[in-house]
Every structure is written in C-alpha cells, then in structure tokens.
Amino acid sequence: MSTRHNIDGQGNYELAKTEINRQQRKFGAIVADQILPQLTNNDIHWIYNKPIPPQIADQIVNLFFNEVLAYIYSICIDKDLTDFFAENNKLYQLVILKDALCAERLELINVPSESLQRLYALENDGHKYVVFWKTSLSITYHTSFQMIL
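Below is a summary of the structure that appears in this document.

Cut-off values and rules
Residues numbered from 1 in each chain as written. Predicted model: local features only at pLDDT ≥ 70, side-chain atom pairs only at ≥ 80, totals over all residues. Heavy atoms only, no water. Helix = DSSP H or I, 4+ residues; strand = E, 2+ residues; numbered from the N terminus. Buried < 20%, exposed > 50% of the residue type's maximum accessible area, 1.4 Å probe, protein only. Contact = heavy atoms within 4.5 Å. Areas by Shrake-Rupley, 256 points an atom, 1.4 Å probe, with all protein chains shown as cover. Salt bridge = Lys/Arg side-chain N within 4 Å of Asp/Glu carboxyl O. Pairing = 2+ DSSP bridges. Axes fitted to C-alpha atoms, helices over the stretch in contact; angles between N-to-C directions.

Re the overall build of the protein chain
Then, in step 1: Counting its regular elements, the protein chain contains three helices and six strands.
Then, in step 2: The linear arrangement of helices and strands in the protein chain, starting from the amino end, is α-β-α-β-β-β-β-β-α.
Then, in step 3: Taking all 149 residues of the protein chain together, 26% fall into the buried category.
Then, in step 4: Within the protein chain, residue pairs in contact and separated by at least 24 positions form 61% of the contacts whose partners lie at least 6 positions apart.
Then, in step 5: Accessible area of the protein chain: about 10600 Å², with a carbon and sulfur share of 54%.

Dropping the structure here:
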C-alpha cells in the first residue's frame, strides 16, 4: 500500500502537513507576486507584513475601539486554567503584555471570526488601505492594557 493511501495516523499527518505547506507557499506567492502589486498599481495599499502607515494609525485605533473591542475577550493563561476549554473551530491569538513594572503575562485573545469581517477598507487623503481587523488588535491592545493598570 502506498503512503498516500496508508491509514496510519503518522503517514496521514505528514502527508497533510506537506500538502498544506505546499498550498500555503503557493498562495503566499500568488499574494506577494500578483495580488499585492496589482493593488498597489491601483493605489490600494494592503497592510500585510509591513508597518502601519502613520497616516492611518488613528483610524485603526478607532476601528479597534468602535468595532473590535466589543467582540473580544482575553484569558490570562499564566494562571490555572481549570475552567477554560478552547472551542473547536475557533481562533485564538496569543499576546504578551507588560505591566508598569515590566512584568510579562500571557493573554489568549479570542478571535471572533463569526462576528467580525476579516478585512477593513480605510481611506486617507485619497489613498485606499486594506487592513486585517487583527492589525487593530496588535497596535491597540497593549496600549489599552496599560491604560487600565
């Protein structure tokens, strides 16, 4: 029997991992080599693996407080998590936060993919930007945490 049709779990796992990695590389190449250049040619800037342009930083902070914050909650995973159970088919993001004394703590943020759109279109001075909602989380959540200490 070939590995492809082998029912043993390890063979299937390796096959799936190899295929998923191949598809992710292919998708990444399509995004980087075809989609992003075409968007840029049309003055649409997809904020993807690059710094947030300062001219839209305030809009992203507003997006977080007005559209994202109501749907997220965090769970401190440095504590005993006897009552936490990660739900199947739900997404979570791990963040590392520092308090005023620079003590770090880990928080698990639920990703409310069923309640929020993944991408947001922003505009500033005639230029168009596309951002993932989690971009607002990455630049705002740490600041919010510091404000409540």
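Things to note about the pattern of salt bridges
Two side chains carrying opposite charge are able to pair once their charged atoms lie near each other.
Then, in step 1: Under the counting rule described, the total for this entry stands at two salt bridges.
Then, in step 2: With a closest N to O distance of 2.6 Å, E107 and R105 form a salt bridge.
Then, in step 3: The class of E107 is buried, set by a relative accessible area of 2%.

A closer look at the sheet that holds strand β6 (residues 127-132)
Then, in step 1: If you walk across this open sheet you meet the three strands as β1-β6-β5, and the pairing is mixed. Bordering the open sheet on either side are β1 (44-46) and β5 (119-124), each of which pairs with just one other strand. Shown here is a sheet whose adjacent strand axes are inclined to one another by a mean of 25°, direction ignored.
Then, in step 2: Note that β1 and β6 share three bridges and pair parallel. Residue pairing in the sheet places H45 in a bridge with Y129 of β6.
Then, in step 3: Helix-sheet contacts for helix α2 (residues 54-68) involve β5 and β6, and the interaxial angle to β5 is about 140°.

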